[in-house]
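Residue-level listing of the chains:
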Amino acid sequence: MTNPVGTAESAPDRLPGNPLLSLNFEPAFESLGGDYADPVDAAQFPQHLLRFRNDDLLATFGLQPSQVANEHFIQAFGRFEGRFPLLAMRYHGYQFGYYNPDLGDGRGFLYGQVRGVDGDLYDLGTKGSGTTPYSRGGDGRLTLKGGVREVLAAEMLHVMGVRTSRCLSLIETGEALWRGDEPSPTRSSVMVRVQRSHIRFGTFERLHYLQRPDLIRRLLDHVIDLYYSHLSSEPDRDARFYAELVQRVAELAAQWMAAGFCHAVLNTDNMAITGESFDYGPYAFIERFDPRFTAAYFDQMGRYAYANQPGICKLNLELLQEPLKQVMDGADLEAGLATFEAHYIATYSQLMLQKLGFNELPTEIGQELIGRTIQFLQSTKIGYHDFFRALREQFSPRWRAEAALIFADSVSPNADALESTFKTWQQSYHQALNQIPEASLSGVAARLAQHNPTVVIVRPEIEAVWGAIAESDNWEPFNTLFQRIRSSVEPPRF
């Protein structure tokens, strides 16, 4: 849930005990030593307005929302009192195909690491918290609009079943920022995100660039012991780690594709070693099925277009082999990467079947249905999310009896070719329904409701929310949209 926005800061002496500062922080990444990060200080901001708090995430750390006041968020994540060291992580990365050694945390840092009630270790990472040694002339700030967009993206992906970071808080900080891609001056903010690790492919790539296999080995052991601990005692743990990373990334790419999501900036510094999705800048959810859709205006060649995402993820895994080869067997790396397509196809097929209402179908029939669905969506230009939402809302057990009843009144392509494509899809869906017992049709309806949100945040909705904030400081549309996202699937996925 979210709390009402617009909360002003309070004096520190009103906060005798802050549960957010009393969490059991673990210095896991810090313990690696000074070769991986730099201690930094947060910026001092002229204002602190808590615009968003994610009470749903507090339970991850054993906290009840009633225990945590708005002022606690401001003290911990606006003034950054009581936390040291704050670490700017060092990394490099391939950006649009070119290696860039001038990277690193330039407007955020690792705030701390906390063990969740599930036993997993979580990173609290900031965005917009000030300059670091890696700011490279930037101001180290985050626009308020950028923060709003990331809050919405992370929660939307979360309810759609994507393995993603989530936002814990967003604080407006009272500075005027100048940006080339937003009307300026624009407002500033600090966001805090939660994910299992901010260690990136680029963290390893930097160490390869520096020719430090000893540091690669230390980092790899750290990653396996913390984030792949079930492999720690295995004699072939390195090979199995990489194979599992390949599987996680393949599954993540399939999750994006089924969700109709285009990340837009899949550089290797935006790829987490845990296979999580994070860092949402110019992202977009597709409105129609267009393989060539590109979310970032600066991606003029379409490198990170919607349909290219699986291939780019595989390429990034291949690039990661270069540093890993310093401490691992190359044959093990190649064997792991060779499984990418199988994992991707299996996951994408399963996710798309679920969006169509099925747990499983005979392979040939299932693949035919998925293929015909994509062909229909691409040919007719019907909205991608509109189609699946309509399927959820209009599904009837009567469809099993006769193909012509499927979407009989709501889908009526005009051109003969499109009419033929629709009828072909009708027949395919009818055939699939007849592969399951009639008594199982209620399960189809339940899966349609579980896997197809009633709302997906395409750009016009996000712009409308931001317009209300920018024009009249009206946060009600934002709060309403966030709550609609949270309740858009039945039952909640997590």
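Owing to the predicted nature of the structure, the values given are computational and were not obtained by experimental measurement.

Peer 1: Explain the nonpolar core here, please?
Peer 2: Nonpolar side chains in soluble globular proteins generally cluster together in the buried interior. Among the nonpolar cores identified, the biggest contains 125 residues, and Phe-204, Phe-241, Phe-285, Phe-358, Trp-425 and Tyr-429 are the most heavily contacted of them. Tallying contributions element by element places helix α6 (residues 237–259) first for this core, with 13 residues. Residues in contact with Phe-241, not counting those within four places in the same chain, are Leu-220, Val-223, Ile-224, Tyr-228, Leu-231, Ile-273 and Leu-324. Core analysis: the next-biggest nonpolar cluster, separate from the first, contains 31 residues, Leu-20, Leu-23, Leu-63 and Tyr-111 among them.

Peer 1: Looking at this structure, I do not really get helix α3 (residues 144–159). What am I missing?
Peer 2: Note that an α-helix has 3.6 residues per turn; residues three or four places apart therefore point the same way. Its 16 residues place the ends of α3 23 Å apart at the C-alpha level, agreeing with the 22 Å of an ideal helix rising 1.5 Å per residue. Burial runs high along α3: 16 of the 16 residues are buried. With its phi angle positive at about 85°, Gly-161 sits one or two positions after the end of α3.

Peer 1: I keep staring at helix α8 (residues 330–337) and nothing clicks. Help me out?
Peer 2: Regarding α8, the residues found buried are Leu-333, Gly-336 and Leu-337. Seen along its axis, α8 keeps its buried residues to an arc of 95°; they face one direction. Where the residues of α8 are buried, they touch α6, α7 (309–324) and α9 (340–355). Near the N-terminus of α8, the side chain that reaches the backbone nitrogen of Ala-331, with its oxygen 2.9 Å away, is that of Asp-329.

Peer 1: Looking at this structure, how should I read the packing of α6 against α7?
Peer 2: Two quantities define a packed helix pair, namely the angle between the helix axes and the distance between the axes. Two elements in contact, α6 and α7, have axes whose closest approach is 9 Å; the angle formed by their N-to-C orientations is 160°. Relative to α7, the element α6 lies roughly antiparallel. Remark: the crossing between α6 and α7 carries right-handed chirality. Contacts from Phe-241, Tyr-242, Leu-245, Val-246, Val-249, Ala-253, Trp-256 and Met-257 of α6 reach α7 at Gln-309, Pro-310, Cys-313, Leu-317, Glu-318, Leu-320, Gln-321 and Leu-324.

Peer 1: Could you clarify how one ought to interpret the environment of Val-246 in this entry?
Peer 2: Position of Val-246 among the secondary structure elements: in helix α6. Exposure remark for Val-246: the relative accessible area of 0% places this residue in the buried category. Considering only alpha carbons, one finds Val-246 and Gly-275, 29 residues apart in sequence, at a separation of 8.3 Å. Other than its neighbours up to four places away in sequence, Val-246 contacts Leu-317, Gly-336, Leu-337, Thr-339 and Phe-340.

Peer 1: I would appreciate a short explanation of the layout of surface pockets in the present structure.
Peer 2: As a volume, the largest pocket reaches approximately 1,500 Å³. A per-class count over the lining of the largest pocket returns 15 nonpolar, 17 polar and 18 charged. Looking at the second largest pocket, its volume works out to about 380 Å³. Partitioning the lining of the second largest pocket into residue classes produces 5 nonpolar, 7 polar and 6 charged.

Peer 1: Where do I start with the confidence of the model for the protein in this structure?
Peer 2: Caution applies to low-pLDDT regions: their predicted coordinates should not be interpreted in detail. On average, residues of the protein score 94 in pLDDT, and 95% of them are at 70 or above. In this model, residues 1–15 is a region of pLDDT below 50 whose contacts with residues beyond four sequence positions or in other chains number 44 contacts.

Peer 1: Looking at this structure, I do not really get the pattern of salt bridges. What am I missing?
Peer 2: Between side chains of opposite charge, a pair can form when the charged atoms approach closely. Tallied over the entire structure, the rule returns 37 salt bridges. With a shortest N-O distance of 2.7 Å, Asp-221 and Arg-217 are connected by a salt bridge. Here Asp-221 and its partner Arg-217 are both found in helix α5 (residues 213–227), 4 residues apart, which amounts to about one turn of the helix. The exposure class of Arg-217 is partly exposed, given its relative accessible area of 24%. We note a salt bridge from Arg-217 to Asp-238, for which the minimum N-O separation is 2.8 Å. With Arg-217 in helix α5 and Asp-238 in helix α6, this residue pair connects regions lying 21 residues apart in the sequence.

Peer 1: What is the right way to look at the packing of aromatic side chains in this model?
Peer 2: Inspection of every chain in the model, using the stated rule, returns 39 aromatic pairs. The aromatic ring of Phe-25 is capped on one face by Arg-83, whose charged end is 3.9 Å from the ring centroid. The cationic tip of Arg-83 hangs over the ring face of Tyr-111; the distance from NZ or CZ to the ring centre is 5.6 Å.

Peer 1: So what exactly am I meant to see when it comes to empty space enclosed by the protein here?
Peer 2: Over the atoms a probe the size of a water molecule is rolled, and this reveals where empty space is left. Counted according to the given criterion, the structure contains 3 cavities of 30 Å³ or more. Each pocket or cavity is described by its volume, and for the second largest cavity that value is around 50 Å³. As for the second largest cavity, its lining consists of Val-249, Leu-252, Trp-256, His-263, Asn-270, Met-271, Ala-272, Gly-275, Glu-276, Ser-277 and Phe-278. Split by residue class, the lining of the second largest cavity holds 6 nonpolar, 4 polar and 1 charged.

Procedures and definitions
Residues numbered from 1 in each chain as written. Predicted model: local features only at pLDDT ≥ 70, side-chain atom pairs only at ≥ 80, totals over all residues. Heavy atoms only, no water. Core = buried A, V, L, I, M, F, W, Y, C linked by side-chain atoms within 4.5 Å. Buried < 20%, exposed > 50% of the residue type's maximum accessible area, 1.4 Å probe, protein only. Helix = DSSP H or I, 4+ residues; strand = E, 2+ residues; numbered from the N terminus. Contact = heavy atoms within 4.5 Å. Expected span 1.5 Å × (residues − 1). Arc of directions from axis to C-beta. Polar contact = N/O pair within 3.5 Å; in protein donor to acceptor, adjacent residues only side chain to side chain. Axes fitted to C-alpha atoms, helices over the stretch in contact; angles between N-to-C directions. Parallel < 35°, antiparallel > 145°, perpendicular 65-115°, else oblique. Left-handed = near helix turned anticlockwise from the far one by under 90°. 1 Å grid on protein atoms, 1.4 Å probe; cavity = no way out; pocket = protein on both sides within 12 Å on 5 of 7 lines; lining within 4 Å. Points joined across faces, edges and corners; volume = space filled by probe spheres on them. Nonpolar A, V, L, I, M, F, W, Y, C, P; charged D, E, K, R; others polar. pLDDT = per-residue confidence, 0-100. Salt bridge = Lys/Arg side-chain N within 4 Å of Asp/Glu carboxyl O. Phe/Tyr/Trp six-rings, centres within 6.5 Å; stacked < 30°, edge-to-face > 60°. Lys NZ or Arg CZ within 6 Å of the ring centre and 35° of its normal.

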